[in-house]
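Examining the three-dimensional arrangement
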Number of protein chains: 2
Amino acid sequence: MNLQQLRYLRETVRRDLNLTAAALALHTSQPGLSKAIRELEDELGITIFVRHGKRLTHLTDAGRDVLAIVERILLEIDNLKRSSMNWHDAQTGELRIAATHTQARYSLPPAIARLRTQYPEVTVRLHQGSPTQIVEMIRSGQVDLGIATEAIGQQADLDSEDLFCWYHCVIALPSHPLCQLAEVSLEALAEHDLITYDPQFAGRGHIDRAFNEHRLKPRIVLEATDSDVIKTYVRLGLGVGIVSELAFSEDDEAEGSTMATDRLVRLPIDRPFARNLTRVAFLHGRILRRYEQALIDAMKH
Amino acid sequence: MNLQQLRYLRETVRRDLNLTAAALALHTSQPGLSKAIRELEDELGITIFVRHGKRLTHLTDAGRDVLAIVERILLEIDNLKRSSMNWHDAQTGELRIAATHTQARYSLPPAIARLRTQYPEVTVRLHQGSPTQIVEMIRSGQVDLGIATEAIGQQADLDSEDLFCWYHCVIALPSHPLCQLAEVSLEALAEHDLITYDPQFAGRGHIDRAFNEHRLKPRIVLEATDSDVIKTYVRLGLGVGIVSELAFSEDDEAEGSTMATDRLVRLPIDRPFARNLTRVAFLHGRILRRYEQALIDAMKH
DNA sequence: CTTGCTTACGAGACTCGTAATAATT
DNA sequence: AATTATTACGAGTCTCGTAAGCAAG
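Rules of the game
Residues numbered from 1 in each chain as written. Chains lettered and ligands numbered in written order. Predicted model: local features only at pLDDT ≥ 70, side-chain atom pairs only at ≥ 80, totals over all residues. Heavy atoms only, no water. Contact = heavy atoms within 4.5 Å. Buried area = accessible area lost by both parts, 1.4 Å probe. Salt bridge = Lys/Arg side-chain N within 4 Å of Asp/Glu carboxyl O. Polar contact = N/O pair within 3.5 Å; in protein donor to acceptor, adjacent residues only side chain to side chain. Helix = DSSP H or I, 4+ residues; strand = E, 2+ residues; numbered from the N terminus. Nonpolar A, V, L, I, M, F, W, Y, C, P; charged D, E, K, R; others polar. Near = heavy atom within 4 Å. Buried < 20%, exposed > 50% of the residue type's maximum accessible area, 1.4 Å probe, protein only. Right-handed = clockwise from strand over helix to strand, strands pointing away. Pairing = 2+ DSSP bridges. Axes fitted to C-alpha atoms, helices over the stretch in contact; angles between N-to-C directions. Domains from an automatic or database assignment.

**Thoughts on the interface of chain B and chain A**
Each partner contributes residues to the interface: chain B has 25 residues there, and chain A has 25 residues. Of the roughly 2300 Å² buried where chain B meets chain A, counting both sides, 74% is carbon and sulfur surface. There are two salt bridges connecting chain B and chain A. Of the charged contacts, one joins Arg72(A) and Glu76(B) as a salt bridge, the two residues approaching to 2.7 Å between their closest N and O atoms. Applying the counting rule to chain B against chain A returns four residue pairs in polar contact (both at pLDDT 80 or more). Sorting the residues of the side of chain B that touches chain A by element identifies helix 1 (3–14) and helix 4 (61–88) of chain B as the ones contributing at least two each. A class-by-class count of the residues in the side of chain B that touches chain A yields 14 nonpolar, six polar and five charged.

**Focus on the protein's contact with DNA strand C**
Near DNA strand C there are 19 residues, and of these Ser34(A), Arg38(A), Lys54(A), Arg55(A) and Gly53(B) occur at the shortest range. Sugar and phosphate atoms form 65% of the subset of DNA strand C atoms that lie within 4 Å of the protein. Contacts to DNA strand C include Leu17(A), whose backbone N or O atom sits 3.5 Å from a phosphate oxygen. At the level of elements, helix 2 (19–25) and helix 3 (30–44) of chain A are the ones that each hand at least two residues to the surface near DNA strand C. The biggest single contributor to the surface near DNA strand C is helix 3 of chain A, with four residues. Split by residue class, the surface near DNA strand C holds four nonpolar, nine polar and six charged.

**Side note on unusual backbone geometry**
The phi dihedral of Arg215(A) is positive, around 50°, even though this residue is not glycine. Position of Arg215(A) relative to the elements: it lies in the loop between helix 8 (204–213) and strand 9 (219–224). Unlike most non-glycine residues, Ala151(B) shows phi in positive territory, near 65°. You can see Ala151(B) is positioned in the loop between strand 5 (145–148) and strand 6 (158–166).

**Notes on the pairing of strand 3 (residues 93–99) of chain A**
One face of the sheet, then the other: side chains in a regular strand alternate in exactly this way. Residues and elements named next belong to chain A. Burial analysis of strand 3 places five of its seven residues in the buried class, the great majority of the element. This β-α-β element, strand 3 to helix 5 (residues 101–118) to strand 4 (residues 122–128), shows right-handed connectivity. In terms of strand pairing, strand 3 meets strand 5 (residues 145–148) through three bridges, oriented parallel. Residue pairing across strands places Ala-98 opposite Gly-146, the latter belonging to strand 5.

**Focus on the sheet that holds strand 3 of chain A**
Residue and element names in this part refer to chain A. Spatially, 4-3-5-12-6 is the arrangement adopted by the five strands of the open sheet, whose pairing is mixed. At either margin of the open sheet sits one strand with a lone partner, and together these are strand 4 and strand 6 (158–166). Shown here is a sheet whose adjacent strand axes are inclined to one another by a mean of 20°, direction ignored. Note: strand 5 against strand 12 (residues 276–283), three bridges, orientation antiparallel. Of the residues in strand 12, the one forming a bridge with Ala-148 is Arg-279.

**Here we look at the domain arrangement of chain A**
All names here are of chain A. Annotation of chain A at the domain level lists domain 1 (3–85), domain 2 (91–164 + 277–299) and domain 3 (168–274). Put simply, the middle of domain 1 and the middle of domain 2, counted by C-alpha atoms, are 28 Å apart. Contacts between the two partners involve seven residues from domain 1 and, on the opposite side, twelve residues from domain 2. For the pairing of domain 1 and domain 2, the buried interface totals around 770 Å² over both sides, and the portion due to carbon and sulfur atoms is 47%. Together, Leu-75, Arg-82 and Met-85 form the three largest contributors to the area buried by domain 1 at its contact with domain 2, with a combined 63%.

This is the structure we're talking about:
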């Protein structure tokens, strides 16, 4: 038995039991991969894959057990390298992060800037996706860390840490009727066209829940995954925006646009939607590089 | 990197950093082992061992980290084989048990007898030792399961399961003065010569504690690790015995000896010592063979 | 008839053991 | 002087890639 066989097995499963695709991904030959897997099966004395003639169709029960153990072994092999790098060369490396737009655009930049001064030799790669896509990217090893507000805390195969909390805020053009009110209520909000996040994203669940609890039916005329897109449509006068407070600052508005009538303003409303908790997640049991931990610490507040 | 290097590293540490001894244990050559370890260090980019000239003196900090991960990897490699065997040939194998004398002599026999009918192809090897020795035998991989009443539950690197509870009983020759009493008290016991277990063994702690709580100083004239040895000296008239109730049955006494005056009897005393819990332990995270789980289940009651 | 797994075979790499060397205790 | 690790080197093994074969959709 050797590690190569285990890597081959994992990749074959990841590529949906297509040996050709797995061989390609592993930069090796299909026959070699085929042989390696058969040898592993022989040595363990079990069949891992059910074969229909010459096609692999699915995993056996034994194969599922074996695969789970193999995943753990390869994770620990990776930990061996990571831990060694932490001792030998803690400064250099690669940091692949998956985050939602809001995190990538608003909460990550200062943390990454800080990281770049602490660890100038570390290459940072930023991927974007929905929370569920982020979870998949972590699982498949495409990224090291995932940052999101939804879906990321309750995965059994991921470890996670709390980063920070935030609330939604409500924004509109100064000319909007709601801007006349001294205090805006949820009821008032429900009477206007609203623009906010796609259901998967950025605490949208909390928004729907708040309206539901007040037995209100909000008129959401536009959904987007991206705070900037939402703000753009609010500027066009399509409605009132509900975005993460991370994504809105009246100072930035003042800088950005020249005309005061274009500047979005925050409506006076007292945190109508529940608190959101942004978390970072990574593979369960994975040892973190020092710079990974540094990034996480830099984002905590 | 390959698994051989990891096995070599573990064995070297187990043999106190003596490459010659490790090479011997691994049935390989010293130079090969030396080279393998240097190559592992090179590949990981760290030094694992501090060297004084040509001697390995101790582990580096990085080495300690690496070793912990290597132990986990090798455990999982072992799990791969064990899990496969559970699917492919659940009937055959080897079962190495470490137990104290009392367990080996009194509680294990029926369970092992049952196991032998369920799994006639399994070879059972029985080792004896003190609870701390048993823990060491599990740690070093000399045995698969350890069974004892002391020391075995609170090891962080071992998993364990409760098996059963038992109490101590007090035994004496029928001619002993205490046999005249309708009920024996702890105070009465403290006035006679006592024979019981060595401090490490079979719940001796509970015996001392009970006397202490009653501010009594028992006269323990003989200590042994072995219930049978204790019974033998009780038969010789050296004193009153305190043994596990597992190790004493008046029926067995009736069968064993012909003369009624030789038969030990249980004194009427109402469980003066705290309950003992016998547990089974094995390496943390180790997958159990089916027959191992069967033995454990057979011992639970 | 295309896609995809397996078998066959040979060049190159690698492993591992022996012998010699060097450094501690 | 004895013990123990490292270096050198070569025989045997193993890995892995190419080419050919063959089964399934």
